[in-house]
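# Close look at the chain arrangement
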Amino acid sequence: MSGTKKSLMERFISGVERIGNKLPHPFWIFTFLIVFVVGLSAVLASANFSVTYLAASKDPTVAPAMKTVAVKSLLSLEILNKYFGNFAGVYGGFYPIGIVLIMMMAIGLAEKSGFITAAMRKMILGAPVQWIIAIVAFVGINANLASDAGVVFTPLVAAAMLKSIGMNPWIGIIAGYAAANGGYTANFFIAGTDALLAGITESICIGNNINYPISPLMNWYFLIAGTVVLTICTVIVCKYFLIPYLHGGKIDEIDASELAKHQLSADETKGLRVAGIAALIFVVALVAMALPSSSFLRNANGGFVPRSPLLNNVVALLFLFFCTIGVSYGYAAKTIKSINDIPGMMQDSLKGILSFLVVALPAAFFIELFNESQLPTVLAVKGAEILRAADISGIPLFLLFILICTCVNIFITSGVAKWLILGPVFVPMLAMVNISPAMTQLIYRIGDTCTNIISPIDYYVPVILGMLEAYRTNDNQKVGVGTLISLSIPFSIAYMIGFIALLVFWYIFNLPLGPGASIYM
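Below is a short write-up of the structure. (Residues numbered from 1 in each chain as written. Predicted model: local features only at pLDDT ≥ 70, side-chain atom pairs only at ≥ 80, totals over all residues. Heavy atoms only, no water.)

### Some details on the packing of aromatic side chains
As enumerated under the stated definition, the model contains 18 aromatic pairs in all. Between Phe 115 and Tyr 329, the ring centres sit 6.0 Å apart and the planes meet at 70°, which makes this aromatic pair edge-to-face. Taken together, the positions of Phe 115 in helix 6 (residues 115–125) and Tyr 329 in helix 15 (residues 314–333) put the pair 214 residues apart, joining distant regions of the chain. The class for Tyr 329 is buried, based on a relative accessible area of 1%. Between Phe 366 and Phe 370, the aromatic rings sit 5.4 Å apart at their centres with planes inclined by 10°, giving stacked as the arrangement. In this pair, Phe 366 and Phe 370 both sit in helix 17 (residues 354–372), 4 residues apart, roughly one turn of the helix. Here Phe 366 matches Phe 370 in class, with each residue buried. Pairwise contacts between aromatic rings join Phe 27, Trp 28 and Phe 32 into one cluster. (Phe/Tyr/Trp six-rings, centres within 6.5 Å; stacked < 30°, edge-to-face > 60°. Helix = DSSP H or I, 4+ residues; strand = E, 2+ residues; numbered from the N terminus. Buried < 20%, exposed > 50% of the residue type's maximum accessible area, 1.4 Å probe, protein only.)

And the structure:
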């Protein structure tokens, strides 16, 4: 292969991989951003850089008034004493840390007990042959309930399943990987990603005095529809591209021995049944408490939106829900043998976010200092002025934002890191043109997720390459990054088209993005 001339696509992929590998760790990216913001604030403050705009009041009875905001220099003893004197407080007060720790303990308990993988296998292995791809896609998209673990077990189980019915297992690997990683942001349920991004958005809104109700549910309605759209997209790409390309469309007899390796045991079946009953009891009890007009879960007007104790307690309720099904499954399936196993599983689940906790240190200070400098307000006002002057709004504005997120995603694969960088700029900027933080976060999520599967520096590229190598159908098949990305590109394009079409539909009909979450401020 050394003498073979590389194609344009292969040269492009190699270039992206080289550039991506030269980027420093996100910890240093945020550290460099802090240095940059401090220096920029000093330069602009010395030039008396300011903006004047019509500012709304938090009090609806007070009319908007003109307000002037000047850039504040961060190169001062006052700032130094303020942030170094409260070093632990700034880090500990970083809103996403608490919400991520809580959700990861609960979802991690459900995962470590075996509930999530058993439930996913039950859905896939019980499917009729003609529905296998659709089930693989649906399960993969919803597999982010298991955090990043879904990116591993979905293609692995799908490969075994398709091999058992005589199809090329690579179809299962690619389709499962595309759904689980390319469709990572969509879900029928509330996952840790929703809580994490909402926490970051909340901190941005607080820092910029944006009065808007934030909750992990604020993109839920759209993402439920997105799950259906991406499932359909996956089936279409498999039917018209992947299956003809890799297999030819022929389905042979089922290999019972291969299928049996992934069948549920009696204990796992019992665990799912008990967990289902426990989940039903939990939901029924919650509905019974919320139904009365005088319920303590309702707001003063007797409703639930835009704010109410029910929505304010979403994180606690989700924690209790996942703990309930995890513990119920664990005891029934005998994966939890004593009460001491429960905190042990929660502890193990936190190992996966250690890298986030490290990155969160400079990220917390970056957001605090960025807000302190008044640069977000200045950038938002100037950005809004440019957008107004260019007459860019609505769908063209959304497409431009998606394009920016897509380009950044090829080089920085961490969705959290990108939102920590882009959120403080775009949330206040789009708020200036009456676009809500919920809508801004949603647009970001679309641009962030669709190109995960074509990034050569994604965390799971080596894992998926290993699966492709293990499931080669002949010795002449070549496995490399180019193989994976070339097979994934059609899914990335289809997901982007599907998501954008859904976004346009949602925008035209001004549909709610989630409970109490609208497109506009």
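Here the narrative resumes, following the displayed structure.
### Here we look at the environment of Ile 171
Relative to the helices and strands, Ile 171 is located in helix 9 (residues 169–182). Residue classification places Ile 171 among the buried positions, given a relative accessible area of 0%. Spatially, the C-alpha atom of Ile 171 lies 7.7 Å from that of Cys 238, the residues being 67 residues apart in sequence.

### Section: the nonpolar core
Core analysis: the largest hydrophobic core is formed by 114 residues, its most contacted members being Phe 222, Met 439, Phe 491 and Leu 503. Those residues in contact with Phe 491, other than ones at most four positions away along the chain, are Ile 174, Ala 175, Ala 178, Thr 234, Val 237, Cys 238, Leu 242 and Ile 453. Listed in part, the 27 residues of the second largest apolar core include Leu 272, Ala 279, Leu 318 and Ile 325. (Core = buried A, V, L, I, M, F, W, Y, C linked by side-chain atoms within 4.5 Å. Contact = heavy atoms within 4.5 Å.)

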